[in-house]
Amino acid sequence: MIQDFKGKTAVLTGAGSGFGLECARIGAKLGMNLVLVDVQQDALDKATAELQATGVQLLSRKVDVSDQAQMEALAADVFKTFGAPHFVFNNAGVGSAGLIWENSVKDWEWVLGVNVWGVIHGVRLFTPMMLDAASKDPNWRGHIVNTASMAGLLTPPNMGIYNVSKHAVVSLTETLYQDLKLVSDQLSASVLCPYFVPTGISQSHRNKPADLADEKATQSQLIGQAMSDKAVSSGKVTAAEVAQLVFDAISADRFYIFSHPRALGNVRARMEGIVNITNPADPFLERPEIGVGLRAALRKA
Ligand SMILES: NC(=O)c1ccc[n+]([C@@H]2O[C@H](COP(=O)([O-])OP(=O)(O)OC[C@H]3O[C@@H](n4cnc5c(N)ncnc54)[C@H](O)[C@@H]3O)[C@@H](O)[C@H]2O)c1
């Protein structure tokens, strides 16, 4: 629970775009020291120039969050420059669509690498630093926010690789919260579960490793890509609004951060299916025409 952000340090992964960039903008307004992390150099440079102009102290690092050595070097740099960070936003993520048996091994490794290993590295490298700072000062407060998705609580079809990665982030973060409560009252965690919000996420193939970029998309992957483009671009809640929810949650020590609380009806239906031991429900109950269209397209393919 951080109440006063001024002079505190934020490490933000995926800071070149979307939620990461918007959280960095809020952090700058609050007078935080910023560590901007992204794999996309041009986006990172643009964000760095914009935020440097606000006069905050800033470290900018091109890092692939899935890479152990790069993340270890980042953690060492952060500690040397600012000491233990107070807010760590393990947020960088990528999406990939298609029927779950059609994703290649490289595709699985890429998405799980960024979405899951990126969070694992952030948690395993920064938490001990933060706990150490807390043990030396009873007034020290820290917070870790990991970005999952509503796809971490639901299982929408034709995007299984993403669902798997985000379920892992929800589980990891709930466990992190419980583990932190065992050892400290000064450090807490939250999980961000956005629904569809217009950002660069449906264009994440722009950051695919070169050996993956050449793979030819299957029909289900092309259909999934088109559906995700449409859903993400027509989202009404903005990334800036979601970023504000993140800061509000840190101040209130609120664990679950939802951009669209109304979508939780689907989570309730899933959970009820589990405890009632019924088979998974039709995911398109509210929008049956989408299910009809998707089935028709895939069966024809
Ligand atoms: N926008 C949505 O509708 C939505 C919904 C649910 C969850 N999310 C999650 O939100 C998070 C942020 O995404 P966003 O929506 O702001 O999308 P975005 O594409 O605008 O931002 C993601 C950033 O992560 C960076 N990135 C990608 N791979 C990286 C890597 N290996 N190492 C470091 N940085 C990397 C990208 O360059 C980009 O700047 C992701 O984890 C995403 O899965 C987004």
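All of these numbers come straight from a predicted model, not from anything done at the bench.

## Quick look at the packing of aromatic side chains
For step 1, the next point in the chain: If you walk through the whole model with that rule in mind, you get seven aromatic pairs.
For step 2, the next point in the chain: Between Phe 87 and Phe 89, the ring centres sit 5.8 Å apart and the planes meet at 35°, which makes this aromatic pair tilted. Here the two residues Phe 87 and Phe 89 agree in accessibility, since each one is buried.
For step 3, the next point in the chain: The interplanar angle of 65° and the centroid separation of 5.2 Å between the aromatic rings of Tyr 177 and Phe 255 together place this pair among those described as edge-to-face. A residue pair is termed long-range when its members are at least 10 positions apart, and Tyr 177 in helix H5 (residues 160-183) and Phe 255 in the loop between helix H8 (239-252) and strand S7 (256-258) qualify at 78 residues.
For step 4, the next point in the chain: Take Tyr 177: its relative accessible area is 23%, and that puts it in the partly exposed class.
For step 5, the next point in the chain: Using a relative accessible area of 11% as the deciding quantity, one classes Phe 255 as buried.
For step 6, the next point in the chain: Every member of this aromatic cluster is reached through a ring pair, and the members are Phe 5, Phe 87, Phe 89 and Phe 247.
For step 7, the next point in the chain: In this structure, Lys 181 is placed above the aromatic ring of Tyr 177, and the distance from its NZ or CZ to the ring centre is 4.5 Å.

## With respect to H5
For step 1, the next point in the chain: Over its 24 residues, H5 runs 35 Å from end to end, which matches the ideal 34 Å to within 8%, given 1.5 Å per residue.
For step 2, the next point in the chain: When we look at burial in H5, the residues that qualify are Gly 160, Ile 161, Tyr 162, Asn 163, Ser 165, Lys 166, Val 169, Val 170, Thr 173, Leu 176 and Leu 180.
For step 3, the next point in the chain: Where H5 is buried, its residues contact helix H4 (105-136), strand S5 (142-147) and strand S6 (187-193).

## Focus on the packing of helix H3 (residues 68-82) against H4
For step 1, the next point in the chain: Contact geometry for H3 and H4: axes closest at 10 Å, N-to-C directions at 30°. As far as their axial angle goes, H4 and H3 are roughly parallel. H3 and H4 meet at a crossing whose hand is right-handed. For the pair H3 and H4, the contacting residues are Gln 68, Met 71, Glu 72, Leu 74, Ala 75, Val 78 and Phe 79 in the first and Gly 118, His 121, Gly 122, Arg 124, Leu 125, Phe 126 and Met 129 in the second.

## Notes on the side chain of Asn 103
For step 1, the next point in the chain: Mapped onto the elements, Asn 103 comes out in the loop between strand S4 (87-90) and H4.
For step 2, the next point in the chain: Judged by its relative accessible area of 8%, Asn 103 falls in the buried class.
For step 3, the next point in the chain: Within the local environment of Asn 103, its side chain forms a polar contact with the backbone oxygen of Ala 97, the two atoms lying 3.4 Å apart.
For step 4, the next point in the chain: A polar contact of 3.0 Å, which involves the side chain of Asn 103, links it to the side chain of Asp 107.
For step 5, the next point in the chain: Every residue in contact with Asn 103, bar those within four places of it in the chain, is listed here: Ser 96, Ala 97, Gly 98, Trp 108, Ile 161 and Gln 221.

Conventions used here
Residues numbered from 1 in each chain as written. Predicted model: local features only at pLDDT ≥ 70, side-chain atom pairs only at ≥ 80, totals over all residues. Heavy atoms only, no water. Phe/Tyr/Trp six-rings, centres within 6.5 Å; stacked < 30°, edge-to-face > 60°. Buried < 20%, exposed > 50% of the residue type's maximum accessible area, 1.4 Å probe, protein only. Helix = DSSP H or I, 4+ residues; strand = E, 2+ residues; numbered from the N terminus. Lys NZ or Arg CZ within 6 Å of the ring centre and 35° of its normal. Expected span 1.5 Å × (residues − 1). Contact = heavy atoms within 4.5 Å. Axes fitted to C-alpha atoms, helices over the stretch in contact; angles between N-to-C directions. Parallel < 35°, antiparallel > 145°, perpendicular 65-115°, else oblique. Left-handed = near helix turned anticlockwise from the far one by under 90°. Polar contact = N/O pair within 3.5 Å; in protein donor to acceptor, adjacent residues only side chain to side chain.

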